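# Structural overview for review
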Amino acid sequence: MPHGHSHSHGQGCGHEATDVDHALEMGIEYSLYTKIDKDNMECLNEEIENSGKTVFKPYENRLDMTKYVESDADEELLFNIPFTGNIKLKGIIICGANDDTHPNKVKLFKNRPKMTFDDAKVKPDQEFELTRDINGQIEYSPKVVTFSSVHHLSLYFPSNFGDDKTRIFYIGLRGEFSEAHYHGVTICNYEARANAADHKDKAFDGVGRAIQ
């Protein structure tokens, strides 16, 4: 299965300085969580509202078990993750518990905002079979060509290792970030606002629809 274990531990693994350097390097590389538009991010089927946002945290906090997301009605979880610009996704880490609540598969969809569970039934841009990872040490490598210009990422976890609930402690995203200029969106927003001078005989509500 195309997931790579990106451990760069060599012979110097026992040296404290090497481990510190590695942790600092990983912390810098896994900083895409700072580029997530948290206000518009959503997690479907989360048991506690907004708990899905808490799993996107600094790499050095990946083992913080006090913050996690757990599924509600069944084992499915779906994250809709908008970014404040464009990213090139190079790596992903999924950290869960050492039990059957750990997800066993993830499906990745790019640039499909506001996905629902029905939407997630279509073929994903990529999917990975997951291994239980309680320390955040296994990195999965998305296809760079496919995920080179991503402004929205959806992560669909359809199942786990056999529990009724799925629990995730940390999702790490590694890659590059570039500012984006959403000219189209800006124009769209302006058009959505009704100009009173252009519509003198109709009353409009706040989003530009005519009130009959």
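Before going into details, it helps to say that this report is about the structure given with it. Since this is a predicted model, take the numbers as computed values, not measurements. (Residues numbered from 1 in each chain as written. Predicted model: local features only at pLDDT ≥ 70, side-chain atom pairs only at ≥ 80, totals over all residues. Heavy atoms only, no water.)

Moving on, we come to the overall build of the chain. Looking only at helices and strands, one finds 2 helices and 7 strands in the chain. Along the chain, helices and strands appear, N-terminal first, in the series α-β-β-β-β-β-β-β-α. Taken over 212 residues, the chain has a buried fraction of 38%. Counted over contacts in the chain with a minimum sequence separation of 6, partners at least 24 positions apart contribute 79%. (Helix = DSSP H or I, 4+ residues; strand = E, 2+ residues; numbered from the N terminus. Buried < 20%, exposed > 50% of the residue type's maximum accessible area, 1.4 Å probe, protein only. Contact = heavy atoms within 4.5 Å.)

With that settled, the discussion passes to the packing of aromatic side chains. On inspection of all chains with the given rule, the structure shows 7 aromatic pairs. Between the aromatic rings of Tyr-68 and Phe-169, the centroid separation amounts to 5.5 Å while the plane-to-plane angle is 65 degrees, which identifies the pairing as edge-to-face. Note that Tyr-68 is positioned in the loop between strand E1 (42-44) and strand E2 (69-70) and Phe-169 in strand E7 (residues 167-179), a separation of 101 residues in sequence. Tyr-68 sits in the partly exposed class, given a relative accessible area of 35%. Classification of Phe-169 by relative accessible area gives buried; the value is 7%. Ring plane angle 65 degrees and centroid distance 6.1 Å describe the contact between Phe-117 and Tyr-156, whose orientation is recorded as edge-to-face. Of this pair, Phe-117 sits in the loop between strand E4 (105-110) and strand E5 (126-129) while Tyr-156 sits in strand E6 (residues 150-157), placing them 39 residues apart in sequence. (Phe/Tyr/Trp six-rings, centres within 6.5 Å; stacked < 30°, edge-to-face > 60°.)

A few words now on the side chain of Asn-104. For Asn-104, the position within the fold is in the loop between strand E3 (77-96) and E4. A distance of 2.7 Å separates the side chain of Asn-104 from the side chain of Ser-159, its partner in a polar contact. Once residues lying within four places of it in the same chain are set aside, the contact partners of Asn-104 are Phe-128, Glu-129, Leu-130, Ser-159, Asn-160 and Phe-161. (Polar contact = N/O pair within 3.5 Å; in protein donor to acceptor, adjacent residues only side chain to side chain.)

All right, on to unusual backbone geometry then. Phi is positive for Asn-45, close to 75 degrees, though the residue is something other than glycine. Within the secondary structure, Asn-45 is located in the loop between E1 and E2. Non-glycine residue Lys-114 carries a positive phi angle of around 60 degrees. In this fold, Lys-114 is placed in the loop between E4 and E5. Overall, Lys-114 belongs to the exposed group, its relative accessible area being 56%.

Okay, the nonpolar core next. If you look at the biggest cluster of nonpolar residues, it comprises 29 residues, and the most contacted ones within it are Phe-79, Leu-155, Phe-157, Ile-171 and Leu-173. Mapped onto this core, the elements with two or more residues apiece are E3, E4, E6 and E7. Broken down by element, the residue count for this core peaks at 8 residues, all from E3. Core analysis: the second largest hydrophobic core is formed by 6 residues, Met-26, Tyr-30, Cys-95 and Tyr-170 among them. (Core = buried A, V, L, I, M, F, W, Y, C linked by side-chain atoms within 4.5 Å.)

What follows deals with the pattern of salt bridges. If you walk through the whole model with that rule in mind, you get 11 salt bridges. Its salt-bridge partner being Glu-29, residue Arg-174 comes within 3.9 Å of it at the nearest N-O pair. Separated by 145 residues along the polypeptide, Arg-174 in strand E7 and Glu-29 in helix H1 (residues 16-29) bring together distant segments of the chain. We note a salt bridge from Arg-112 to Asp-125, for which the minimum N-O separation is 3.8 Å. A residue pair is termed long-range when its members are at least 10 positions apart, and Arg-112 in the loop between E4 and E5 and Asp-125 in the loop between E4 and E5 qualify at 13 residues. For Arg-112, a relative accessible area of 29% corresponds to the partly exposed category. Assessed through its relative accessible area of 22%, Asp-125 is described here as partly exposed. (Salt bridge = Lys/Arg side-chain N within 4 Å of Asp/Glu carboxyl O.)

Structurally, Gly-96 is set in strand E3. It is 8.3 Å that separates the C-alpha atoms of Gly-96 and Asn-135, two residues lying 39 residues apart in sequence. The residues touching Gly-96, leaving out its near neighbours within four places in the chain, are His-102, Asp-133, Ile-134, Arg-167 and Phe-169.

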